[in-house]
Amino acid sequence: MDLIALQNSLDNISFAVLFATMLIYWGGAAFPGIPYLSALGTAGMAIANLCIAALLGARWLEAGYFPLSNLYESLFFLAWGITVIHLLAENMSRSRLVGVATSPVAMSITAFAALTLPETMQSAEPLVPALKSNWLMMHVSVMMLSYAALMVGSLLAIAFLIVTRGQNIILTGSSFGTDSTRNGNYRLQRPKNSTIQTPEIAFNSPATATISSNNGNSNTAVLELPNTQTAISQTELLSPQRLNIAQTLDNISYRIIGLGFPLLTIGIIAGAVWANEAWGSYWSWDPKETWALITWLVFAAYLHARITRGWQGRKPAILATTGFLVVWICYLGVNLLGKGLHSYGWFF
């Protein structure tokens with residue numbers, strides 16, 4: 001079997017499948033009445049995941065080492081991680097909006113790796129001495145999985161901001177979510193002295209909407225309006241459906257980031273041990289190490305704000321959006337713009 005030809009075919013197939021999957025998810029969001037689009041989107045992500053896994057497996061057999069030594073390999077591993085986290089998040093939320101946010105990112109990563117990088121950078125090369133270690137699989141794989149989880153969680157936070165149109169929607173209740181965020185059988189209960197305008201819902205300031213399910217669990221969404229009389233005319237108020245979607249996105253974003261942060265912590269610790277073994281120092285303030293620490297601090301602040309301060313809604317979503325940019329700087333920007341112990345040309 002020609003493993004090189006197989007890899008070339010699989011990277012193009014992965015891109016094509018993810019491109020079609022992105023169109024399916026976007027079409028499903030634009031025309032929610034069309035049946036089976038959600039199932040087709042999930043199937044597309046699963047097929048892309050298997051294609052990328054097969055590509056990485058073929059690469060492993062061909063090169064004889066775990067395929068995470070250069071940019072091409074790490075990009076496809078990142079895309080594979082995003083598809084895995086996507087399937088997990090979609091199963092948790094039962095929402096096609098997850099695919100609307102994640103599919104274009106996964107498709108763009110595979111397009112950049114398969115169509116933009118020159119052939120010399122796509123081919124497998126012997127490992128440089130610094131990478132000939134069992135820590136390569138431990139450290140880099142965990143870091144890449146953490147990047148994938150943090151990116152998906154941040155993308156869902158960005159989707160939350162889009163769904164709420166940037167309004168100051170404060171969601172109170174369990175940050176971990178309950179069955180009421182997944183049941184799909186909601187009703188919007190308005191408090192006393194509130195008024196309703198059709199088809200949207202308006203409340204006296206501050207507006208409070210309680211989202212509850214048949215099992216008795218409830219969550220509360222508060223729309224803070226500075227002045228009821230002027231805010232109704234100046235701000236497009238959110239419908240119960242948008243509040244339900246916002247609640248789901250907020251909870252799933254928190255859960256996925258909560259998964260990615262421990263992985264990032266383990267990856268940094270493993271990298272420090274490997275650095276001591278290779279360079280005689282646990283920490284050298286290399287640009288990659290510095291930005292990994294910045295990434296850790298940003299998401300530590302996010303989790304601290306949610307767990308200790310009880311933040312939910314727009315504020316943590318903005319913090320997660322900042323984290324999305326920081327992750328990309330840590331993963332790719334440092335290698336392109338900076339020099340250090342981790343910069344093996346275009347190597348990860």
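One can find the structure itself at the top, above this paragraph.
When helices and strands are tallied, the protein chain shows 10 helices and four strands. When the helices and strands of the protein chain are read in sequence order from the N terminus, they spell out α-α-α-α-α-α-β-β-β-β-α-α-α-α. Per-residue burial over the protein chain gives 50% buried out of 348 residues. Contacts in the protein chain between residues far apart in sequence, at least 24 positions, make up 77% of those at least 6 positions apart. Total accessible area on the protein chain stands at roughly 15700 Å², and carbon and sulfur atoms take up 64% of it.

Per the stated rule, a full pass over the model turns up two salt bridges. Residues Arg59 and Glu73 are paired through a salt bridge, measuring 2.8 Å at the closest nitrogen-oxygen approach. You can see Arg59 sitting in helix H2 (residues 37-63) and its partner Glu73 sitting in helix H3 (residues 71-93), a full 14 residues away along the chain. Glu73 matches Arg59 in its accessibility class, with the two residues each being buried.

When its volume is computed, the second largest pocket comes out at roughly 230 Å³. Ile4, Gln7, Asn8, Asp11, Asn12, Arg59, Glu62, Tyr72, Glu119, Gln122, Ser123 and Ala124 are the residues that line the second largest pocket. Of all the secondary structure elements, the ones that give two or more residues to the lining of the second largest pocket are helix H1 (3-30), H2 and helix H5 (119-122). Counting residues per element, the lining of the second largest pocket draws most heavily on H1, at five residues. Classifying every residue of the lining of the second largest pocket gives three nonpolar, five polar and four charged.

Right, let's get into helix H6 (residues 135-163). In this model, H6 (29 residues) spans 42 Å end to end at C-alpha, consistent with the 42 Å of a helix rising 1.5 Å per residue. Where burial is concerned, most of H6 is hidden: 23 out of the 29 residues are buried. One or two residues past the end of H6 sits Arg165, with phi positive at roughly 60 degrees.

Along the chain, Leu115 falls in helix H4 (residues 97-116). Sequence separation of Leu115 and Asp11 is 104 residues, and the distance between their C-alpha atoms is 9.1 Å.

Here we come to a nonpolar patch on the surface. A surface patch of nonpolar side chains, amounting to about 290 Å² of accessible area, comprises Ile269, Val273 and Tyr282. As for its position among the elements, Tyr282 is in the loop between helix H8 (240-279) and helix H9 (287-307).

Okay, the packing of H1 against H3 next. The contact between H1 and H3 brings their axes to 13 Å, and the two run at 35 degrees. Two packed elements cross with a definite hand, and for H1 against H3 that hand is left-handed. Only Tyr72, Phe76, Thr83, His86 and Glu90 of H3 make contact with H1, whose side of the interface consists of Gln7, Asp11, Ser14, Leu18 and Tyr25. Tallied by class, residues from the contact of H1 with H3 come to four nonpolar, four polar and two charged.

With that settled, the discussion passes to the packing of H8 against H9. At a minimum axis separation of 10 Å, H8 and H9 run at an interaxial angle of 145 degrees. When the axes of H8 and H9 are compared, the crossing they make is left-handed. Across the interface between the two elements, Asp250, Ser253, Tyr254, Ile257, Gly258, Phe261, Leu264, Thr265, Ile268, Ala275 and Trp279 of H8 pack against Glu289, Ala292, Thr295, Trp296, Phe299, Ala300, Tyr302, Leu303, Arg306 and Ile307 of H9. Considering only residue class, the contact of H8 with H9 consists of 14 nonpolar, four polar and three charged.

Criteria and cut-off values
- Residues numbered from 1 in each chain as written.
- Predicted model: local features only at pLDDT ≥ 70, side-chain atom pairs only at ≥ 80, totals over all residues.
- Heavy atoms only, no water.
- Helix = DSSP H or I, 4+ residues; strand = E, 2+ residues; numbered from the N terminus.
- Buried < 20%, exposed > 50% of the residue type's maximum accessible area, 1.4 Å probe, protein only.
- Contact = heavy atoms within 4.5 Å.
- Areas by Shrake-Rupley, 256 points an atom, 1.4 Å probe, with all protein chains shown as cover.
- Salt bridge = Lys/Arg side-chain N within 4 Å of Asp/Glu carboxyl O.
- 1 Å grid on protein atoms, 1.4 Å probe; cavity = no way out; pocket = protein on both sides within 12 Å on 5 of 7 lines; lining within 4 Å.
- Points joined across faces, edges and corners; volume = space filled by probe spheres on them.
- Nonpolar A, V, L, I, M, F, W, Y, C, P; charged D, E, K, R; others polar.
- Expected span 1.5 Å × (residues − 1).
- Patch = residues over 30% accessible without salt bridge, like charges linked within 9 Å, V, L, I, M, F, W, Y side chains within 5 Å.
- Axes fitted to C-alpha atoms, helices over the stretch in contact; angles between N-to-C directions.
- Left-handed = near helix turned anticlockwise from the far one by under 90°.

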